[in-house]
Every structure is written in structure tokens, then in C-alpha cells.
Amino acid sequence: MISLSQKQSNAWYYLEDLDTTEVLYGGGAGGGKSFFGCVWHITRRMSYPKSRGLIGRAKISHLEQSTLVTLFDVATLMGYKNGEHYNYNSQKHIITWANGSQTILKDLFLYPSDPDFTSLGSTEYTDGFIDEANEVTRKAKEIVSSRIRYKLKEFNLVPKLLMTCNPSPGWIKEDFVVKDNKPVVLQDHQRFIQALVTDNPNKDFVDIYKKQLERMNNDYDKARLLYGDWEADR
């Protein structure tokens, strides 16, 4: 059985309402970002037969080596078995679920040869999950958002994009957290849930990983990863 933390439950609420379309979840290392995203993604695929969800990251290799591994671990915890409840086509980077739903893995790096992300094609999605969103560009996020329209009326849903990341300079910080030393006033369709290692529901993990973060010698990285400080100076 999977239990969500209070922060994860808060994010889940916004991911299932009919008003919010963009949720940023994260703000520190070890807060259960990828785990949470995978739980939500799998739940959506199994709740809406023949739906289609995107999971993206800057590089497909990083996605397969990290996020996808977490997804399979989460699937096992949720009682789903490879070959019985889902199958993964590593050539096409597509997971097909037993109810006809699909998980499509996408490389969202901004390649000079494809500045308009035509590699995303004309595929439509029911929802999207961008892991480590700080590694992709604002345009990548906007193109993905424009593709979230598949069977929404049929399922009585609105577009939903979940993004996760740790504090870092760039568009995520400017759009969701702080800009020009002032807190960002989010638009009505946006939500930001800050989650630190201490918010992880796995307390055994917290006890071990928090000590690792506290031992970091680099003050900048410690401020970002342990305390979720978006204004930390290098």
C-alpha cells in the first residue's frame, strides 16, 4: 500500500481538480518527487482506459536510467506486473497497459536542429509529467502543454501538467517561485508545492538521506537540496 505525505496529498488535490492545469512539485532533494509523479501517472493510466500520458525529461537516456526505473518500482508496489498488466517497448519508448492506456516517454532537450520540437509530432496526450523540469526549456514545457488534449471531454478532465525539480536558476524559478527578489504571484491555473526531504513519507529514508545532505561541504548545494532555498548564491 502506498501512503502519500501531506505535501503529496496537497499536490494530488490540485492534479485532480477542474481548475488547475500546472503543478510544480519539489524544492529539495529527497522529497519524493519522481515517486509521486509515477504514482499519479500510473493511477491516471489505470483510471482512464485507453488514455495516453507523456513522461518527459531533457534526455531519454536519463529518463530510462532514473525516472523509468522508479516507475517500474512504483508499478510493483501498486501490484502491477510486467508482462501481465503492462509491456514496455524499449525501441519506441512506449508502455502499453492492459486496459489500452499508453505511457509515452519523450526526450525534451532543445536540439539546435529542432528548435520547434517537431519531434513531438502531432501526438495528443491526456496529461503530462516532466521530471527534473529545470533541465528543459520553457518552450519545451509550453509545447508539451499544447499537446494535452486527448479524450479530455470524454473523461471529464482538464489539461494537467505535473513538473518536478530542485531549486535552480531559470524559468521555473521565475515563473513559479521568485523573480526580481519578489515572490511570484501565480496565475489561477498554477500551483507550487514545496517539498523537502523531511516531507518524504518514508521516515527510514528521511533519517538516512537527511544526514547525507547535512554532510555536504558545498553551502550552495546544501542550501538548495536540503533547505529548498531558491535564492541560494553560488
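As shown above, the structure is provided for reference.
The structure contained in this document is the topic of the report that follows. (Residues numbered from 1 in each chain as written. Predicted model: local features only at pLDDT ≥ 70, side-chain atom pairs only at ≥ 80, totals over all residues. Heavy atoms only, no water.)

## Side note on the packing of aromatic side chains
Here is step 1: Inspection of every chain in the model, using the stated rule, returns eleven aromatic pairs.
Here is step 2: Ring centres of F192 and W230 lie 6.0 Å apart, and the angle between their planes is 90°; on these two criteria the pair is classed as edge-to-face. A residue pair is termed long-range when its members are at least 10 positions apart, and F192 in strand β10 (residues 190–194) and W230 in the segment after α8 (219–225) qualify at 38 residues.
Here is step 3: When its relative accessible area of 7% is taken as the criterion, W230 is described as buried.
Here is step 4: In textbook terms, an aromatic cluster arises when at least three aromatic residues are bridged by ring pairs, as seen for F72, Y80, Y86, Y88 and W97. (Phe/Tyr/Trp six-rings, centres within 6.5 Å; stacked < 30°, edge-to-face > 60°. Helix = DSSP H or I, 4+ residues; strand = E, 2+ residues; numbered from the N terminus. Buried < 20%, exposed > 50% of the residue type's maximum accessible area, 1.4 Å probe, protein only.)

## Considerations on helix α1 (residues 6–16)
Here is step 1: Restricting attention to buried positions, one finds in α1 the residues Q8, A11 and L15. Considered in projection along α1, the buried side chains sweep an arc of 65° and stay on one side of the axis. Opposite the packed face of α1, turned more than 90 degrees from it, sit the exposed residues Q6 and Y13.
Here is step 2: Residues of α1 that are buried in the fold lie against β1 (22–26), α2 (33–47), β7 (161–165) and β10. (Arc of directions from axis to C-beta. Contact = heavy atoms within 4.5 Å.)

## Comments concerning unusual backbone geometry
Here is step 1: Positive phi, close to 65°, is recorded for K50, a residue that is not glycine.
Here is step 2: Within the secondary structure layout, K50 lies in the loop between α2 and β2 (52–57).
Here is step 3: Unlike most non-glycine residues, D180 shows phi in positive territory, near 55°.
Here is step 4: Within the secondary structure, D180 is located in the loop between β8 (178–179) and β9 (182–183).
Here is step 5: Its relative accessible area of 64% is what places D180 among the exposed residues.

## Digging into the packing of α2 against helix α3 (residues 60–77)
Here is step 1: At a minimum axis separation of 9 Å, α2 and α3 run at an interaxial angle of 60°. Relative to α3, the element α2 lies oblique. Crossing angle aside, the handedness with which α2 passes α3 is right-handed. In this structure, α2 uses S34, F35, C38, V39, H41 and I42 to contact α3, whose residues at the interface are T67, T70, L71, V74, A75 and L77.
Here is step 2: In terms of residue class, the contact of α2 with α3 is made up of eight nonpolar, four polar and no charged. (Axes fitted to C-alpha atoms, helices over the stretch in contact; angles between N-to-C directions. Parallel < 35°, antiparallel > 145°, perpendicular 65-115°, else oblique. Left-handed = near helix turned anticlockwise from the far one by under 90°. Nonpolar A, V, L, I, M, F, W, Y, C, P; charged D, E, K, R; others polar.)

## So, the pattern of salt bridges
Here is step 1: A full pass over the atoms with the stated rule returns twelve salt bridges.
Here is step 2: For E16, the salt bridge goes to R44, with nearest N and O atoms at 3.4 Å. Of this pair, E16 sits in helix α1 while R44 sits in helix α2, and the two are 28 residues apart along the sequence.
Here is step 3: The exposure class assigned to E16 is partly exposed, which follows from its relative accessible area of 32%. (Salt bridge = Lys/Arg side-chain N within 4 Å of Asp/Glu carboxyl O.)

## Points about the environment of N217
Here is step 1: Turning to its location among the elements, N217 is positioned in the loop between α7 (203–214) and α8.
Here is step 2: Among the residues examined, N217 registers a relative accessible area of 76% and is labelled exposed.
Here is step 3: Considered as a pair, N217 and K151 are 66 residues apart in the sequence and their alpha carbons are 49 Å apart.

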